[in-house]
Amino acid sequence: MPAPTASIRQPSLGEILLLGSLTAFGAVTIDLYLPTLPAIARDYGTSAAAVQLTLSTFFVGMALGQLFFGPLSDRIGRRPTILIGCAVYVAASLFCALAPTIEALVAGRFFQALGCCAAMVTCRAIVRDRYDHRDSARIFSLLMLVLAIAPLLAPTVGGWIAAAAGWHAVFYAFVAVGVAISAAVGLRLDESRSAATAQAARGQDVLSAYARLLGHKRLIGYLLVGAANGATLFSYIAASPDLVVNSWGFSESQFGLVFAAIAVGVVGSSQVNRQLLKHRSPDAILAWATLGAAAAGVALWLVALFDAPVPVVLAAVFVALSSNGLIAANASAGALNVDPLRAGAISGLMGGINFGMGAAASALAAAMYDGTARPLAANVAVALLVAAAAYHLLAKPR
């Protein structure tokens, strides 16, 4: 089905960099900090499992915070919501840098997540405020280029900072990041929330708004498409270190190359999606991309089930996970298009469901791990089949 022939609005470089920074805020806050985990355990004299709680708590904060800040951005505006979140983030980052115990650090990371997720959830609403259905899908695909830089560069930069000045310095770096984003938003970001959105939000409390949204069958479909497809990446992140290094015998540096290759596949397919959107609608792409992804997931499960050679399994993983670039942006744009006057609340639902399903998928992948690729392949196949069913049975326009 051809896309509408409306002219395509081209965002400025400054707009893309600012929106990309808001999108990548959470990823940077996770990845910059990862190299410090062993040093934190040593300094506090605690176990690696206790330090891992700082990551688990962060994900919980990301899921819950988006459910709160999304509707808030509809009610008070996009800029104030981001600035409130940045203030929470800066204060929490400073608290983490000075935390006297590991328990205090865990609590600080929760509030740090609450702060940075305000920028992430509001960014999606800003894109929908400024762009129509098709162009918002293009912008989400473009933002994946910026988002991809975080996992590639942030761990290295975080390691340099920690080596030069200790792990506390990484949290002082987070303070600087929060201040910089606050300044950029305050000086360069215009308010995008419409008067109609403000009126709709003032006339309805948060629970009523969510209840109204959850009554949209198509919205449920789009949310499940995005969350189920994203769960494949969470499953891979949880299962791949043990599988690639311990079972397949790759070195840690080789694992980094495998991880980077998957990231390149996701980003590459997202840019293919951006080009396809010049000629096709987001729903037309989703219609065949979800079916193709489901077929790739089943193929992955079959090659893992019959113990295919490692290169064949890796190739199947690459194809199945790369589908995220063809699905995520279009599913997000479709969900936000269901009720544009409640873009903030929809974005909050999207973020909460994505992180909730992602956390469940990663926990399941870790619990099922048996030294082979079969549990990961089964998780990916089921998730992609769910995504295809959700689109064709619920979200697809009739």
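Residues numbered from 1 in each chain as written. Predicted model: local features only at pLDDT ≥ 70, side-chain atom pairs only at ≥ 80, totals over all residues. Heavy atoms only, no water.

## Describing the overall build of the protein chain
Line of reasoning, step 1. When you go through the protein chain residue by residue, the secondary structure sums to 16 helices and zero strands.
Line of reasoning, step 2. Against the globule reference of 21 Å for 398 residues, the protein chain gives a C-alpha radius of gyration of 21 Å, in line with a compact fold.
Line of reasoning, step 3. Here the protein chain, with 398 residues, has 52% of them falling under the buried criterion.
Line of reasoning, step 4. For the protein chain, long-range pairs separated by at least 24 residues make up 85% of all intrachain contacts whose partners lie at least 6 apart in sequence.
Line of reasoning, step 5. For the protein chain, the computed accessible surface area is about 16200 Å², with 70% contributed by carbon and sulfur atoms.
Line of reasoning, step 6. Taking the average place of the 24 positive charges on the side chains of the protein chain and the average place of its 17 negative ones, the gap between the two points comes to 10 Å. (Helix = DSSP H or I, 4+ residues; strand = E, 2+ residues; numbered from the N terminus. Rg over C-alpha atoms; globule rule 2.2 N^0.38 Å. Buried < 20%, exposed > 50% of the residue type's maximum accessible area, 1.4 Å probe, protein only. Contact = heavy atoms within 4.5 Å. Areas by Shrake-Rupley, 256 points an atom, 1.4 Å probe, with all protein chains shown as cover. Lys, Arg positive; Asp, Glu negative; His and termini not counted. Charge placed at Lys NZ, Arg CZ, Asp CG, Glu CD.)

## Considerations on the pattern of salt bridges
Line of reasoning, step 1. Applying the stated criterion across every chain yields a total of six salt bridges.
Line of reasoning, step 2. Here Asp 74 and Arg 78 are joined by a salt bridge, their closest N and O atoms 2.8 Å apart. The exposure classification of Asp 74 matches that of Arg 78, with both residues buried.
Line of reasoning, step 3. Put simply, Asp 283 and Arg 218 hold a salt bridge, and the shortest N to O gap is 4.0 Å. With a gap of 65 residues between them, Asp 283 in helix 12 (residues 282-305) and Arg 218 in helix 10 (residues 217-247) connect regions that are remote in the sequence.
Line of reasoning, step 4. The network of salt bridges with shared partners includes Asp 74, Arg 78 and Asp 129. (Salt bridge = Lys/Arg side-chain N within 4 Å of Asp/Glu carboxyl O.)

## Focus: the packing of aromatic side chains
Line of reasoning, step 1. For the structure shown, the criterion picks out twelve aromatic pairs.
Line of reasoning, step 2. With 5.0 Å between their ring centres and 75° between their planes, Phe 68 and Phe 69 make a pair best called edge-to-face.
Line of reasoning, step 3. Residue Phe 69 is classed as buried on the basis of its relative accessible area of 6%.
Line of reasoning, step 4. A network of ring pairs unites the aromatic residues Phe 25, Tyr 33, Tyr 44, Tyr 89, Trp 167, Phe 171 and Phe 174 as a single cluster. (Phe/Tyr/Trp six-rings, centres within 6.5 Å; stacked < 30°, edge-to-face > 60°.)

## Notes on the packing of helix 1 (residues 13-31) against helix 3 (residues 48-76)
Line of reasoning, step 1. Running from N to C, helix 1 and helix 3 cross one another at 170°; their axes reach a closest spacing of 11 Å. Judged by the angle between their axes, helix 1 and helix 3 are roughly antiparallel. Between helix 1, through Gly 26, Thr 29 and Ile 30, and helix 3, the contact on the second element is made entirely by Leu 55, Phe 58, Phe 59 and Met 62. (Axes fitted to C-alpha atoms, helices over the stretch in contact; angles between N-to-C directions. Parallel < 35°, antiparallel > 145°, perpendicular 65-115°, else oblique.)

## Here we look at unusual backbone geometry
Line of reasoning, step 1. Located in the positive-phi region is Asp 307, a residue other than glycine, with phi close to 50°.
Line of reasoning, step 2. Within the secondary structure layout, Asp 307 lies in the loop between helix 12 and helix 13 (310-322).
Line of reasoning, step 3. For Asp 307, a relative accessible area of 53% puts it in the exposed group.

## Considerations on the state of the cysteines
Line of reasoning, step 1. Taken as a whole, this structure holds zero disulfides when the rule is applied.
Line of reasoning, step 2. Unpaired in this structure, Cys 96 has its nearest cysteine sulfur neighbour in Cys 116, at a distance of 11 Å.
Line of reasoning, step 3. The thiol sulfur of Cys 123 is not disulfide-bonded, and the nearest other cysteine sulfur, from Cys 86, lies at 12 Å. (Disulfide = S-S within 2.5 Å.)

## Regarding the packing of helix 3 against helix 5 (residues 102-130)
Line of reasoning, step 1. Between helix 3 and helix 5, whose axes approach to 6 Å, the crossing angle comes to 35°. Of the two elements, helix 3 crosses helix 5, and the hand of that crossing is right-handed.
Line of reasoning, step 2. Residue composition of the contact of helix 3 with helix 5, by class: 20 nonpolar, nine polar and two charged. (Left-handed = near helix turned anticlockwise from the far one by under 90°. Nonpolar A, V, L, I, M, F, W, Y, C, P; charged D, E, K, R; others polar.)

## A few points about helix 3
Line of reasoning, step 1. Spanning 29 residues, helix 3 covers 41 Å between terminal C-alpha atoms, matching the ideal 42 Å at 1.5 Å per step.
Line of reasoning, step 2. The sharpest bend along helix 3 comes to roughly 30°, located at Gly 65.
Line of reasoning, step 3. One or two steps after helix 3, the chain reaches Gly 77, where phi turns positive at roughly 115°. (Expected span 1.5 Å × (residues − 1). Bend = angle between axes of the 7 residues up to and from the residue.)

## Some details on the side chain of Arg 128
Line of reasoning, step 1. By the secondary structure assignment, Arg 128 is in helix 5.
Line of reasoning, step 2. Within the buried set, Arg 128 has no salt-bridge partner at all; the shortest N-O distance to an opposite charge, 6.6 Å, is to Asp 132.
Line of reasoning, step 3. A polar side-chain atom of Arg 128 sits 2.8 Å from the main-chain carbonyl oxygen of Tyr 131.
Line of reasoning, step 4. Once residues within four sequence positions are removed from consideration, Arg 128 is found in contact with His 133, Ser 136, Leu 336, Asn 337, Pro 340 and Ala 343. (Polar contact = N/O pair within 3.5 Å; in protein donor to acceptor, adjacent residues only side chain to side chain.)

## Here's the deal with a nonpolar patch on the surface
Line of reasoning, step 1. Together, Val 298, Trp 301, Leu 302, Leu 305, Phe 306 and Leu 385 line one region of the surface with nonpolar side chains, adding up to about 540 Å² of accessible area.
Line of reasoning, step 2. Mapped onto the elements of the fold, Leu 385 is located in helix 16 (residues 374-395). (Patch = residues over 30% accessible without salt bridge, like charges linked within 9 Å, V, L, I, M, F, W, Y side chains within 5 Å.)

## So, helix 13
Every α-helix carries 3.6 residues per turn, so stepping three or four residues along brings you back to the same face.
Line of reasoning, step 1. If you check helix 13, its first and last C-alpha atoms are 18 Å apart, about what 13 residues at 1.5 Å a residue would give, namely 18 Å.
Line of reasoning, step 2. When we look at burial in helix 13, the residues that qualify are Val 313, Ala 316, Val 317, Ala 320, Leu 321 and Ser 322.

## Details of the confidence of the model for the protein chain
Line of reasoning, step 1. With 96% of its residues at a pLDDT of at least 70, the protein chain reaches an overall mean of 87.
Line of reasoning, step 2. Ranking the elements of the protein chain by mean pLDDT puts helix 8 (residues 195-202) last, at 78, and helix 12 first, at 96.
Line of reasoning, step 3. For the stretch residues 1-8, pLDDT sits under 50, and the model shows 19 contacts to residues farther than four places along the chain or on other chains. (pLDDT = per-residue confidence, 0-100.)

## A word on the environment of Pro 282
Line of reasoning, step 1. By the secondary structure assignment, Pro 282 is in helix 12.
Line of reasoning, step 2. Look at Pro 282 and you get buried, because its relative accessible area is 3%.
Line of reasoning, step 3. Separated by 50 residues in sequence, Pro 282 and Ser 332 have C-alpha atoms that sit 9.8 Å apart.
Line of reasoning, step 4. Ignoring any residue separated from it by four or fewer positions in sequence, one finds Pro 282 in contact with His 133, Arg 134, Ala 137, Leu 277 and Asn 330.

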